[in-house]
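Spelled out, the chains give:
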Amino acid sequence: LVSDELTSVVFDVTGIKPGCPVKNTFKLKEDKEELDVVFLLEKSSDTPTEVLTNGVLVAYPCLSLQGVITKDEKLKLTEHGTNQFKLSLPGSYEKQLSFPCKPDCDQNCEIPFVIHIGKDMCSELGVEVEQTITVLQDGASPDFETHSTVLGSGTVPFHSLPLGKPIEMTVPLGKEQSVNLYVKAEQIKRNLDVRLGFDLCQEEWQFLDKRKKIVSQTLSKALRLREDPSKDEVPVVAVLGSGGGMRALTSFYGSLLGLQQLNLLDAVIYLCGVSGSTWCLSALYQDPEWSRKDLREPISNAQDKISSSKVGAFSSERLKYYFQELSAMESQGRKVSFTDLWGLIIEYFLLQKVRSSKWENMLLLSWFSFLHSCNVLVRYMYLFCIHSERTDVLEQLWVLMIFLKK
């Protein structure tokens, strides 16, 4: 179906007072017509619910449903194909969880799970046992096709679970089959992992105070000033790197080297990059004092690795490493795609080895230079989006700026 939307208007409802109707006339530019709308704000009869807010974002309290699912002795699984448990809770963050289950596994095999959902969501926890069989297609086609069959299903009313109290239950799946569940629902009370606010964090203000002293001395020497500029006179300079793969990496290295040779690198306060430029940043920030050293050495190392043979990226040892890394990502709940594989291949192109420092270690190294203000403050940006079931609709887009914080 094609959308028949003719026009859209925006109206600020903050001026509406409860119980006082407000009539507004919207002019439709397309047809030179007018649309009269009456707005009425009334007090809701629904019971007020608790909300969390920082003045901009609003969220409902979240519950954590932790549990363990075990196979009941009545559950009969066939050895043909693959079997898996499926847990679904409409309205939850995870939507659906899947866990493989072997027919010959120990009856007491425990599979842990965690699901997050809004406190006031009225939903049911669905439990399914599904069997998937892969068969060769009929005819001359060599392709395989999969057939899935639900061996049994059952539900547990979510609102019936008491908070903070573990419950053991047997969930009937039909056909005289069942599974055992051990669940506990708790309200999440810990602080948010990301600070929400309208201002810089205290640590970054301290960084700026220290860094501006270095910038002031640098500008005074470069511009041959009679005295160092005061803190309020020091400009906040940021260097931004574009994307573009190896071209962007090369360009960013060259730009930073140029600033260093002009004795202006210490006049920069912030660094940020996208795509290829971040490859340069990730390599530099493995050394917490990189800006104090001659950049020609890391540039020479990058040249050697980029211009060397890439055959090793597809060796059996490397392919095994790719598989292990992608499996680890998938076990953490990520939807692994070719982009993740390509990232691992690029990692080899740049390092020619398995990276010794993980992302967390890079943050710690950056945190060291952050405390001492010896380096430019780098911004790591993480982008991810959540799509709805309709592929043409982008439901949410979140941009998370990770500020270096202990």
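Since this is a predicted model, take the numbers as computed values, not measurements.

Just checking my understanding: could you explain the nonpolar core for this structure?
When a protein is soluble and globular, its nonpolar side chains tend to lie buried together. Core analysis: the biggest nonpolar cluster contains 30 residues, and Leu256, Leu271, Leu284 and Trp290 have the highest contact counts within it. Within the residue set of this core, elements represented by two or more residues are helix 2 (245–261), helix 3 (276–284), helix 4 (296–307), helix 5 (316–331) and helix 6 (338–351). Counting residues in hydrophobic clusters, the runner-up holds 28 residues, among them Phe99, Phe113, Phe158 and Val183.

I tried to follow a negative patch on the surface on my own but got confused; where do I start?
Residues Glu227, Asp228, Asp232 and Glu233 make up a contiguous surface patch of negative charge. As for its position among the elements, aspartate 232 is in the loop between helix 1 (202–222) and strand 13 (238–241). Among the residues examined, aspartate 232 registers a relative accessible area of 75% and is labelled exposed.

In this structure, what is going on with unusual backbone geometry? I would like to understand it.
Backbone phi values are negative for most residues with the exception of glycine, while trans is the configuration of most peptide bonds. The backbone of lysine 95 sits at a positive phi, close to 65 degrees, despite the residue not being glycine. Looking at the secondary structure, you find lysine 95 in the loop between strand 6 (82–88) and strand 7 (96–100). At serine 275, a residue that is not glycine, the phi angle is positive and equals roughly 55 degrees. By the element assignment, serine 275 lies in the loop between strand 14 (270–273) and helix 3. Residue class for serine 275 comes out partly exposed when judged on its relative accessible area of 38%.

I tried to follow the pattern of salt bridges on my own but got confused; where do I start?
As a working rule, side chains carrying opposite charge can pair if their charged atoms are close by. Counted under the stated rule, the structure contains seven salt bridges. Two residues, lysine 184 and glutamate 186, come together in a salt bridge whose shortest N-O distance is 3.2 Å. For lysine 184, a relative accessible area of 27% translates into the label partly exposed. With a shortest N-O distance of 3.6 Å, arginine 211 and aspartate 266 are connected by a salt bridge. Taken together, the positions of arginine 211 in helix 1 and aspartate 266 in the loop between helix 2 and strand 14 put the pair 55 residues apart, joining distant regions of the chain. Of the residues examined, arginine 211 reaches a relative accessible area of 0% and is grouped as buried.

Is there a simple way to explain the sheet that holds strand 5 (residues 62–71) in this structure?
What holds strands together in a sheet is hydrogen bonding between their backbones, with the strands either parallel or antiparallel. Spatially, 8-5-12-11 is the arrangement adopted by the four strands of the open sheet, whose pairing is antiparallel. Either end of the sheet is taken by a strand with one partner, and the two such strands are strand 8 (110–118) and strand 11 (167–174). Strand-to-strand twist across the sheet, computed as the mean angle between neighbouring axes with direction ignored, equals 30 degrees. The pairing of strand 11 with strand 12 (residues 177–187) spans seven bridges and is antiparallel. Paired with threonine 170 across the two strands is asparagine 180, which belongs to strand 12.

Looking at this model, I keep getting lost on the environment of glutamate 94. Mind explaining?
Tracing the backbone through its elements, the reader meets glutamate 94 in the loop between strand 6 and strand 7. It is 8.5 Å that separates the C-alpha atoms of glutamate 94 and isoleucine 117, two residues lying 23 residues apart in sequence. The residues touching glutamate 94, leaving out its near neighbours within four places in the chain, are Val114, Ile115 and His116. In terms of polar contacts, glutamate 94 uses its side chain to reach the side chain of histidine 116, at 2.7 Å.

The rules behind these values
- Residues numbered from 1 in each chain as written.
- Predicted model: local features only at pLDDT ≥ 70, side-chain atom pairs only at ≥ 80, totals over all residues.
- Heavy atoms only, no water.
- Core = buried A, V, L, I, M, F, W, Y, C linked by side-chain atoms within 4.5 Å.
- Buried < 20%, exposed > 50% of the residue type's maximum accessible area, 1.4 Å probe, protein only.
- Helix = DSSP H or I, 4+ residues; strand = E, 2+ residues; numbered from the N terminus.
- Patch = residues over 30% accessible without salt bridge, like charges linked within 9 Å, V, L, I, M, F, W, Y side chains within 5 Å.
- Areas by Shrake-Rupley, 256 points an atom, 1.4 Å probe, with all protein chains shown as cover.
- Salt bridge = Lys/Arg side-chain N within 4 Å of Asp/Glu carboxyl O.
- Lys, Arg positive; Asp, Glu negative; His and termini not counted.
- Charge placed at Lys NZ, Arg CZ, Asp CG, Glu CD.
- Pairing = 2+ DSSP bridges.
- Axes fitted to C-alpha atoms, helices over the stretch in contact; angles between N-to-C directions.
- Contact = heavy atoms within 4.5 Å.
- Polar contact = N/O pair within 3.5 Å; in protein donor to acceptor, adjacent residues only side chain to side chain.

Scope: geometric values only; no functional claims are made or implied.
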